[in-house]
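# What the coordinates show
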Amino acid sequence: MFNLEFISTIHAQLGLMTWPLTLLSLLMVMIIVERLIYAMLHSKTGSTPLQKQLYALELNDDTALEQFVTSHQNSKRTLTQGLCMLIGHRQFTKGLREEAVSIWLHKKRRHYTAGLKLLNIIGVLSPLLGLLGTVLGLIEMFKGLSNAQGSISPADLADGLGLAMATTAAGLLIAVPAIASAQLFSLWADRTLARIEYVLNHFNLHLAGVSFHDKEFRCKQVCENECAQSQSSNKTIASVGEAA
């Protein structure tokens, strides 16, 4: 268990870099905790049940669409907010809706990646500050050795080097979790936003009259007419063949 005496000993070993490294470590912990809470609250997109609800709605039924927006307008889920935004802009063209989704996702990406740049900066600065503390500690150690009288024992050198290297170790201990957590949170944000963008693009096509599924592609407005024409032509050919 860490106690106050141990912490004060570590602070004494860090020398001039005590408070800069302490502030960086506290800031890192605060950002990581905040990002963990945010990730836990926004990890589940709820895409499957939402898609089932949306594809069950009639696109020509404005009342049903408005009821869906009204019932989900207070939702905290990012995907639900995006779907409500698309429904609210359904009267615009597909291209304009795509631009609106792009701008909206860009704004949401800022929320998903908030603090990650600062974590990367902490990961870069902390080992440099630790190295600076080591160099300053070595300078002070050699000053003390130059003023010392008599023989210098290896134990004195070991103590001085140990104190100097403590700042480098502290800087690295701060840098490793800062950079690792920044990369992990960035991967999580990219994966979650990619899933949200995937669903929004599908629903945008659905609003344009195109239903795209993993195992089926069906264009309601165009392909149905073509299929009808194809079926009628096949029937005509079949009837001609029978007559012949």
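Keep in mind the model is a prediction, meaning the values are calculated, not measured.

On to the pattern of salt bridges, then. In this structure the tally under the stated criterion is five salt bridges. For Glu66, the salt bridge identified is with Arg90, shortest N-O distance 3.1 Å. Within this pair, whereas Glu66 is found in helix α4 (residues 62-72), its partner Arg90 is found in the loop between α5 (78-88) and α6 (94-112), the two being separated by 24 residues in sequence. According to the relative accessible area criterion, Glu66 is partly exposed, its value standing at 39%. In this structure, Glu98 engages Lys94 in a salt bridge whose closest nitrogen and oxygen atoms are separated by 2.5 Å. Of this pair, Glu98 and Lys94 both sit in helix α6, four residues apart, which is roughly one turn of the helix. Here Lys94 falls in the partly exposed class, since its relative accessible area comes to 32%.

Quick look at the nonpolar core now. Residues Ile196 and Leu200 are the most contacted members of the largest nonpolar core, which totals 27 residues. Among the secondary structure elements, those contributing two or more residues to this core are α2 (18-42), α3 (47-55), α4, α5, α6 and α8 (154-207). In terms of residues, this core owes the most to one element, α8, which gives eight residues. Once you skip the residues sitting within four places of it in the chain, Ile196 turns out to touch Thr45, Thr78, Leu79, Trp104, Leu105 and Tyr112. Membership of the second largest hydrophobic core comes to 14 residues, among which are Met28, Ile32, Leu116 and Phe185.

Moving on, we come to the UniProt feature "transmembrane region" (unreviewed entry) in the protein chain. Those places that UniProt annotates as "transmembrane region" (unreviewed entry) correspond, in this numbering, to residues 12-33, 118-142 and 162-185. Secondary structure across residues 118-142 comprises 100% helix and 0% strand; the distance between its end C-alpha atoms is 36 Å.

Attention now moves to α4. Buried within α4 we find Ala64, Leu65, Phe68, Val69 and His72. For α4, the arc enclosing every buried residue in end-on projection is 140°, short of the 170-degree limit, so these residues lie on one face. Set apart from the buried face of α4 by more than 90 degrees, the exposed residues are Thr63, Gln67 and Ser71. Buried residues in α4 make contact with α3 and α5.

Rules of the game
- Residues numbered from 1 in each chain as written.
- Predicted model: local features only at pLDDT ≥ 70, side-chain atom pairs only at ≥ 80, totals over all residues.
- Heavy atoms only, no water.
- Salt bridge = Lys/Arg side-chain N within 4 Å of Asp/Glu carboxyl O.
- Helix = DSSP H or I, 4+ residues; strand = E, 2+ residues; numbered from the N terminus.
- Buried < 20%, exposed > 50% of the residue type's maximum accessible area, 1.4 Å probe, protein only.
- Core = buried A, V, L, I, M, F, W, Y, C linked by side-chain atoms within 4.5 Å.
- Contact = heavy atoms within 4.5 Å.
- UniProt positions renumbered as here; feature names shortened; annotations may be inferred.
- Arc of directions from axis to C-beta.

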